[in-house]
Amino acid sequence: MHILVELPPSILSRRQAPQAADLFRFCFNRPYRWADMGQSGAAAMIGLVFGLALMLSEDVASAMQITSTGPPTVQKALGESVTLACTYTPGPLDTGELDIEWSVINPDTTQRDQMLISYSGGRKHVLGSHELVEGLDFAATDPSNGDASISISSLTPAHTGVYLCKVKKMPGFDSRKISLSVLEPPSKLKCWVEGDEGVGESVSLHCKASQGLAPLQYEWNREFGGSIPSSAIQHPQTGKLVISNHSAAFAGVYRCDASNAVGKDKCKLNLRAVKPPSRAGVIAGIVVGCLLLIIVLIILIWLFIYKYERHPRFEKEMSNEIREDVPAPESRPSSRVSRTRSGLAYSQVGENVKHPSSTSTGYSAANGGNRYGYVV
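Since this is a predicted model, take the numbers as computed values, not measurements.

A. Representation of the state of the cysteines within the structure. On inspection of all chains with the given rule, the structure shows three disulfides. Note on cysteine connectivity: C207 is disulfide-linked to C256, with sulfurs 2.1 Å apart. When the S-S torsion is -90°, as for the bridge of C207 with C256, the disulfide is left-handed. Highlighted residues: C207 in strand β13 (residues 203-211) and C256 in strand β17 (residues 252-260), separated in sequence by 49 residues. Like C207, the residue C256 is buried in the burial classification. By sequence order of its bonded cysteines, the protein has the disulfide arrangement 1-2, 3-6, 4-5.

Laid out in structure tokens, this is it:
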């Protein structure tokens, strides 16, 4: 009796040793019945299965294997250095040329991965963009001695990605993926209050880091006055603490902590609980304010009326006032007629005055026979 056993590709793979349970599950899930094979046929099948498992296990153990056991995800802070481990052990049958490749897997499956650095033919080759390969090198001086790890100095956000290490030495081959996240610790954290701090009002506390790569987590705590009451609602992703009904129980010093996987920062603020003024006090304040306004208006009206009534009287007094610093007006030059009239008036007054007689006859002649006795 000839039995043809078809093993699935997952069992025949050289990279993964088949388990005995998988082989039994494969065999006993066949569509035929074992009872039809007879006792000798069943024994032959079981022996064949165990023989294949033993050969495959020995073959896998002798193939190329990557022996690094570090975490598949690495998180580092901005500016730090990192080593992505990829140690390997070739099998005795792996006699071909050693070929090591490091690349960044492209999130778009339709695009090719980006090659960074390789080792082949006993030489190192640096590939890829300048931004990613800057500070990138093999961690070991000679990668052919079983250490294909790489180191990156001065990490930037651009180094975030999934890195793939491939080690080939024909006919052996193995690979390993490492996810690298470059995070910036939160810094320049700012805290502030929005809303009225009056009792009975709604108030919210806010916290925000101006620098730092996501994911950031925010947490509010009260340093003095006990823990935060349970009625307050925190939002760890946005850094917001909401208090819908503010009271004296919420007053105190609050601290906000912002953190991510590589660092943290904090800031503080003092939340007050201001009691609103009483209703009687508010009414009294309004009344007093209105009275003061009325008094001010009355004073302004009185000043306006007083100034208006006093203004004409003031101008009249100023017009009658004689100023000492103003010079007297100049007299106008007298005309000939005015001088003649003045002379006549003088002569008329002089007729009543007796003049002494003069014995000089030349006086009359000199005056042209003037009957008034003075020169015109």
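There's plenty left to go through after this.
B. View of the pattern of salt bridges. Within this structure, the stated rule accounts for six salt bridges. For the salt bridge of R272 with E197, the shortest nitrogen-to-oxygen distance reads 3.5 Å. Of the two residues, R272 sits in the loop between β18 (263-271) and α5 (279-320) while E197 sits in the loop between β12 (187-195) and β13, which places them 75 residues apart along the sequence. One salt bridge connects E223 with R255, and the closest N-O pair in it is separated by 3.3 Å. With E223 in the loop between β14 (217-222) and β15 (233-235) and R255 in strand β17, this pair connects stretches of sequence that are 32 residues apart. Each of the salt bridges in this network shares a partner with another, and the network as a whole consists of E223, R255, D257 and K268.

C. Layout of the UniProt feature "transmembrane region" (unreviewed entry) in the protein. Listed under "transmembrane region" (unreviewed entry) in the UniProt record, and renumbered for this structure, are residues 282-306. Secondary structure over residues 282-306 splits into 100% helix and 0% strand, and the C-alpha atoms at its two ends are 36 Å apart.

D. Region of the structure containing the packing of aromatic side chains. With the rule as written, the count across this model stands at two aromatic pairs. For the pair Y119 and F138, a centre-to-centre distance of 6.4 Å together with 80° between the ring planes defines the contact as edge-to-face. With Y119 in strand β6 (residues 114-120) and F138 in strand β8 (residues 136-138), this pair connects stretches of sequence that are 19 residues apart. For F138, a relative accessible area of 7% gives the class buried. Between W302 and Y306 the ring centres are 5.6 Å apart and the planes differ by 15°, which places this aromatic pair in the stacked class. On the criterion of helical spacing, the pair formed by W302 and Y306 is a turn pair, its members being four residues apart in helix α5. By relative accessible area, which is 53% here, W302 ends up exposed. Accessibility expressed as a relative area gives 46% for Y306, which makes it partly exposed. Its guanidinium or amino end placed over the ring of W192, K190 lies 5.8 Å from that ring's centre, counting from NZ or CZ.

E. Inspection of the sheet that holds β15 at higher detail. With antiparallel pairing, the four strands of this open sheet are ordered in space as β12-β13-β16-β15. The open sheet has two edge strands with one neighbour each: β12 and β15. The average undirected angle you get between the axes of adjacent strands in this sheet is 15°. Two strands pair when backbone bridges link them, and β12 and β13 are joined in this way by eight bridges, in the antiparallel orientation.

Definitions and limits used
Residues numbered from 1 in each chain as written. Predicted model: local features only at pLDDT ≥ 70, side-chain atom pairs only at ≥ 80, totals over all residues. Heavy atoms only, no water. Disulfide = S-S within 2.5 Å. Helix = DSSP H or I, 4+ residues; strand = E, 2+ residues; numbered from the N terminus. Buried < 20%, exposed > 50% of the residue type's maximum accessible area, 1.4 Å probe, protein only. Salt bridge = Lys/Arg side-chain N within 4 Å of Asp/Glu carboxyl O. UniProt positions renumbered as here; feature names shortened; annotations may be inferred. Phe/Tyr/Trp six-rings, centres within 6.5 Å; stacked < 30°, edge-to-face > 60°. Lys NZ or Arg CZ within 6 Å of the ring centre and 35° of its normal. Pairing = 2+ DSSP bridges. Axes fitted to C-alpha atoms, helices over the stretch in contact; angles between N-to-C directions.

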